[in-house]
Amino acid sequence: MSFAFASERLANVRQDAQRLRDGARDHDVQLEALVVAGEGGHVEAAVSRAADPNAVLVADDYGDVRELLAHVLENAGFVVRTAANGLEAFLAAYEMRPAVIVMDLSMPILDGINATRLIKAVELTRNARVIAYTGNPSFDASTTRTLFAAVLQKPATPEVVLAAVREVAAL
Amino acid sequence: METVLLEMFDWHTLDRIGASELSAANRCRAGA
């Protein structure tokens, strides 16, 4: 590896790290706004609103995956929202109260397992049924049995994901 | 198992978003 190439790689890594930190700070601000809104009655309003049985949240750090699954699910009649990392997924779940969440497990800022732990720990969001969507072939679902309603291995065709969402939504 | 969450959010925030068990765990952890 040449010195110039190594320097460029290092600069890219630093930029990526800075983007992640900036992203995390943005999310901190959002979370704080959500919490403050909760003090003003937002939480009470959300409590009285039942989870939307047609609402699905798709969380994946790959934009192509989010867009494809959102397109397929919307065409099937679901109301879809997307999130690019675990913290964004929690914030979206808190606001949207989806019936089903398709959750990628490997994501920046907060991974899918910890995002699901947070969703299951919060009274407003704990009834959402979460489908783990993972590219890790050695993922041991038995260790997280209480968290996930189903586990899908990547790559899964959009039809397989749609069938899983319909099945879990009907539970 | 929830260490990441306990490090990411303080007990006050967890309490306010309704994660009461995590909030209690973080209070214990902080010795509050």
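The structure displayed is predicted, hence computed values, not measured ones.

Trainee: So what exactly am I meant to see when it comes to the overall build of chain A here?
Mentor: Helices and strands together make up the secondary structure of chain A, namely 5 helices and 5 strands. Going through the 171 residues of chain A one by one, you find that 32% of them count as buried.

Trainee: Looking at this structure, I do not really get the nonpolar core. What am I missing?
Mentor: Taken as a class, soluble globular proteins show a tendency for nonpolar side chains to be buried jointly. Residue and element names in this part refer to chain A. Ranked by internal contacts, the top residues of the largest apolar core, which has 48 residues, are Ala59, Ile101, Val102, Met103 and Ile131. Among the elements that make up this core, the one with the highest residue count is helix α3 (residues 86–96) (6 residues). With residues up to four places along the chain from it excluded, the contact list for Ile101 reads Leu57, Ala59, Ala89, Ala93, Ala128, Val130 and Ile131.

Trainee: Help me understand helix α2 (residues 63–75) of chain A, please; the structure alone is not making it clear to me.
Mentor: Note on helix geometry: an α-helix contains 3.6 residues per turn, so any two residues three or four positions apart are oriented the same way. Residue and element names in this part refer to chain A. Between its first and last C-alpha, α2 extends 18 Å over 13 residues, near the 18 Å set by a 1.5 Å rise per residue. Regarding α2, the residues found buried are Val65, Arg66, Leu69 and Leu73. Buried residues of α2, seen end-on, are gathered within an arc of 95 degrees and therefore sit on one face of the element. Exposed and facing more than 90 degrees away from the buried side of α2 are Gly63, Asp64, His71, Glu74 and Asn75. Its buried side turned inward, α2 meets β1 (52–59), β2 (79–83), β3 (98–104) and α5 (158–169). Directly beyond the C-terminal end of α2, a positive phi value near 100 degrees is found at Gly77.

Parameters and conventions
Each chain carries its own residue numbering, running from 1 in the written order of its sequence. Both sets of labels track the order of writing: A upward for chains, 1 upward for ligands. Owing to the predicted nature of the model, reporting of local features is limited to residues with pLDDT of at least 70; listing and counting of side-chain atom pairs is limited to 80 or more, with chain, interface and lining totals taken over all residues. Under the scheme used here, helices are H or I runs from DSSP no shorter than 4 residues and strands are E runs no shorter than 2 residues, and both carry numbers assigned from the N terminus. Residues with at least 20 neighbouring C-beta atoms inside 10 Å of their own are called buried, those with 12 or fewer are called exposed, and the rest are partly exposed, where every C-beta is derived from the backbone. The term nonpolar core means buried Ala, Val, Leu, Ile, Met, Phe, Trp, Tyr and Cys residues held together as one set by C-beta atoms within 7 Å. By the convention adopted here, residues are in contact when the distance between their C-beta atoms, placed from the backbone, does not exceed 7 Å. To estimate how far a helix should extend, the number of its residues minus one is multiplied by 1.5 Å. What the arc covers is the set of directions going from the helix axis to the C-beta atoms.

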